[in-house]
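# Architecture at a glance
As a plain string of letters, each chain reads:
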Amino acid sequence: MSAPRRRSSFSWLRIWAVLVKEFTQLRRDKLTYAMLLAVPLVQLLLFGYAINNDPKNLPTAVLVQENSAMSRSVLSAIARTGYFRIEHQARTPAELDRLVRDGEVQFAITIPGDFGRRVVRGDGAQVLIEADAADPSATGSALAALAQLPQEALKRELTGALARSPGSAPPFELVVHRRFNPENITAYNIVPGLLGVILSLTLVMMTALGVTREHERGTMESLLATPAQPIEVMIGKLAPYVAVGAVQAMVILGLGRLLFGVPMAGGWAGLALGLLLFIIGSLALGFLISTVARTQLQAMQMSFFYMLPSILLSGFMFPFRGMPEWAQAIGTVIPVTHFLRVVRGALLKGQTLAEMAPSILALAVFVCTVTALALARYRTTLD
Amino acid sequence: MSAAAIDVQGLNKSFGGRRVVKDVAIRVGEGRITGFLGPNGSGKTTTLRMLCGLLTPDSGGGTALGLDIIADAAEIKRQTGYMTQRFSLYEDLTVAENLMFAARVHELDRRSERVDAALEQLGLAERRAQLSGTLSGGWKQRLALAAATLHEPRLLLLDEPTAGVDPLARRTFWDEIHALAGRGLTVLVSTHYMDEAERCHDIAYIAYGELIARGTADEVIAQSQLHTWRGEGPGIDRLAREIAGKPGVEMVAPFGLALHISGTDPAALEAAIAPYRQPPLRWSPAEPTLEDVFIHLMAHARDNFQ
Ligand SMILES: Nc1ncnc2c1ncn2[C@@H]1O[C@H](COP(=O)(O)OP(=O)(O)OP(=O)(O)O)[C@@H](O)[C@H]1O
Ligand SMILES: [Mg+2]
């Protein structure tokens, strides 16, 4: 009788053994499997449909101080470029200013009261365009599309006696005023964005592993046998990371100031409050993930899955207003979006707490919802 | 029996449609040590977990320390020490840090004093700064016991606490358990060791999720109605297989140089060994051991189960 085993230094059978084991383990891990499919799918959809490097239809407010055929022609020429969607008719300069500062519109166009008269007299007529240039990529191509506008916009009105000789100066001038970031420095936009992304990446991931680790190592059985309540476990686990988040924020902001000269216009109260809410919200989300994931690997994958829209749909990488409605809707429920508005509002615009209220409120709602969900999901038994 | 520290009835638990605990009723008097025995997978760990609120029974219920095991799980946890079968303290904390965590989570007073005392008592004092993950298996068990008893619980649920522990440490451990019980602590301890079962006041034997024997060791042996013959003599161990096949013989177990032959029908048993009752072999009726009884119970439970 021959030996049931062959001895070889290299064995296809052993490779097969390991391969079959790996596949079987992968198959058991349904969530990992789902993520392997979902991540590329979502990435493809977001990059393919939601993200727009040439954002059009940006929200615009106008203040028309002279209601004439000429001003109407100028506005419709501006709208025809496709980059501007006129959503608001401001009545006063103050209202127009508020719309820009609050970030409700990307552009504010003012047609002054003496516009028509000055055009006719050839006396330095102007149209003022203020752009929220905090994110230069949102305004760049829109402003570039306006270059030819003064030459073309009034062709129909300026005929007959008013006709201009070819080659003469355009009938009016477009004055572009880039607000909040006049030099178009991308770092001013990137640094606040990075603050949000880095904070959520580390905080969500760190805590996402928290509860899962206890399950994976078996320590959950002892922990659950103690009198510790879910809320006590949650606070105890998350509190250290609030400090970690605060330190991270200071490092990023400090370096942003030191290396890139990012302005710090003020709004400290709002920034501090927004930062605190954002840190707590990210931690609570991590905790929620760790009550869903069964292994640390799953927790990592779910955190990563959350990071995708946070980076792509929050207005960090690509202009928020340039995305389709559905993508903006998704972006609205992501805390990074609101945190980004708070940080830009504080650093670049020097917004007051009241002006940041909508974003701060959104963050607060997020914190409450996610905390409640996490506590509801945290099991006090092993079933 | 004095007031019951554990009194549960009709406990049921299923996992994925498979019932692993069936109508289990356990009553343990205050200050008693009850050994919880049964083959692997019979539902011991599952039952212990239901008693301390870690699992919710599908049906059934009762009281532990006079508190409802479902509604008052939180209060039961305060007064119960549970030692898990698998080491479940933090491997990345030191011995002392693990105990300190237990002390804090139970809101104890004089914490460092208690931790020091526990370390001293369990002989862990020199290892207080060692990471628990790097302790040997037996030391881990001792640490887990220290953590489970630190808050002076009134009820102790121990899941195979002495697995992998050396004989001396085991004896120390049992002396300690008896000392605690003397002061009124109630203990339910699962084990696979027969000598430990004999050290318990009472025994509860579970097989395939059903509690099939209860009482003191002597009572359990008497209830089994098992008869045993002990055979000695040269070469008797080689007869084991031959005798095992005979009608009326349920079990043949070698004990060193002797052979234990057991069955419930005394006449059939005697008939089975009759051909071998000649010198140099010597036969004598013997008292069945707990182990004989458990193996007998297990075989019967399996017959009923299938
Ligand atoms: N979480 C679970 N999911 C599915 N089945 C489970 C689960 N926990 C236990 N079981 C099953 O329940 C049965 C009883 O398990 P339990 O751990 O209670 O046995 P035990 O008596 O403690 O065994 P041992 O002596 O080996 O520790 C086993 O068949 C086991 O496979
Ligand atoms: Mg067990």
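Every chain's residues receive numbers from 1 upward, in the order its sequence appears when written. Key to labels: chains lettered from A, ligands numbered from 1, both in the order written. Under the rules for a predicted model, residues below a pLDDT of 70 receive no local features and side-chain atom pairs below 80 are neither given nor counted, while totals for whole chains, interfaces and linings still include all residues. As a convention, hydrogens and water are excluded, and side-chain values are obtained from all of the structure's heavy atoms.

Under the annotation held in an unreviewed UniProt entry, chain B carries the name ABC transporter ATP-binding protein and is attributed to Sphingomonas canadensis.

For clarity, the threshold we go by: UniProt positions are given in the numbering used here, feature names are shortened, and annotations may be inferred rather than shown by experiment.
If you look chain A up in an unreviewed UniProt entry, it shows as ABC transporter permease from Sphingomonas canadensis. Looking at chain A in UniProt, the text filed under Subcellular location (unreviewed entry) is "Cell membrane". According to UniProt, the comment filed for chain A under the heading Sequence similarities (unreviewed entry) is "Belongs to the ABC-2 integral membrane protein family."

### Structural notes on the overall build of chain A
Heads up, the rule is: Elements are defined by DSSP. Helices are runs of H or I of four residues or more, strands are runs of E of two residues or more, and each kind is numbered from the N terminus. Our radius of gyration looks at C-alpha atoms and nothing else; its globule reference is 2.2 Å times the residue count to the power 0.38. Residue burial is assigned from relative accessible area. The probe radius is 1.4 Å, only protein chains are included, and a residue is buried under 20% of its type maximum, exposed over 50%, and partly exposed in between. Two residues qualify as a contact provided that any one of their heavy atoms is within 4.5 Å of a heavy atom in the partner residue. Here, Shrake-Rupley sampling with a 1.4 Å probe gives the accessible areas, and only protein chains in the shown set may cover a residue.
The helix and strand tally for chain A stands at 15 helices and 5 strands. In summary, chain A has a C-alpha radius of gyration of 28 Å against a globular reference of 21 Å for 383 residues, an excess of more than 25%. If one aligns the C-alpha atoms of chain A with their principal axes, the spans along those axes are about 115 × 55 × 35 Å. Within chain A, the fraction of its 383 residues that count as buried is 47%. Across chain A, contacts joining residues at least 24 apart in sequence account for 80% of those joining residues at least 6 apart. When the accessible surface of chain A is summed, it comes to about 18900 Å², and 64% of that surface belongs to carbon and sulfur atoms.

### A few points about the overall build of chain B
Using the following cut-off: Only four residue types enter the charge count: Lys and Arg as positive, Asp and Glu as negative, with His and the chain ends excluded. To locate a charge, take NZ of a lysine, CZ of an arginine, CG of an aspartate or CD of a glutamate.
When its secondary structure is counted, chain B shows 11 helices and 14 strands. Projected onto its principal axes, the C-alpha coordinates of chain B cover approximately 70 × 45 × 40 Å. The buried share of chain B, taken over its 306 residues, is 52%. Contacts spanning at least 24 positions in sequence make up 70% of the contacts within chain B whose residues lie at least 6 apart. For chain B, the exposed surface amounts to about 14000 Å²; the carbon and sulfur share of it is 50%. If you average the places of the 32 positive and of the 39 negative side-chain charges in chain B, the two averages end up 3 Å apart.

### Re the UniProt feature "transmembrane region" (unreviewed entry) in chain A
All names here are of chain A. In the numbering adopted here, UniProt assigns the feature "transmembrane region" (unreviewed entry) to residues 31-51, 190-211, 238-260, 266-292, 304-320 and 359-378. Along residues 238-260 one finds 100% helix and 0% strand; the C-alpha atoms at either end are 32 Å apart. In residues 266-292, the share of helix is 93% and the share of strand is 0%. The end C-alpha atoms are 40 Å apart.

### Let's talk about the packing of helix α10 (residues 230-260) of chain A against helix α11 (residues 268-292) of chain A
The angle between the axes and the distance between the axes are what describe a pair of packed helices. Residues and elements named next belong to chain A. Which entries qualify depends on this criterion: Note on geometry: axes are lines fitted to C-alpha atoms, helical ones only across the stretch in contact, with angles between N-to-C directions running from 0 to 180 degrees. Should an angle fall under 35 degrees it is taken as roughly parallel, and over 145 as roughly antiparallel, whereas 65 to 115 is taken as roughly perpendicular and any remaining angle as oblique. Crossing handedness follows the turn of the near helix against the far one: under a right angle anticlockwise gives a left-handed crossing, and clockwise gives a right-handed one. Here the term charged refers only to Asp, Glu, Lys and Arg, the term nonpolar to Ala, Val, Leu, Ile, Met, Phe, Trp, Tyr, Cys and Pro, and the term polar to all other amino acids, Gly among them.
For the pair α10 and α11, interaxial distance at closest approach is 9 Å and the crossing angle is 135°. The orientation of α10 with respect to α11, classified from their angle, is oblique. Crossing angle aside, the handedness with which α10 passes α11 is right-handed. Here Met234, Lys237, Leu238, Tyr241, Val242, Gly245, Ala246, Ala249 and Leu253 of α10 lie close against α11, whose contacting residues are Leu271, Leu275, Leu276, Ile279, Leu283, Ala284 and Phe287. When grouped by side-chain class, the residues that make up the contact of α10 with α11 number 14 nonpolar, 1 polar and 1 charged.

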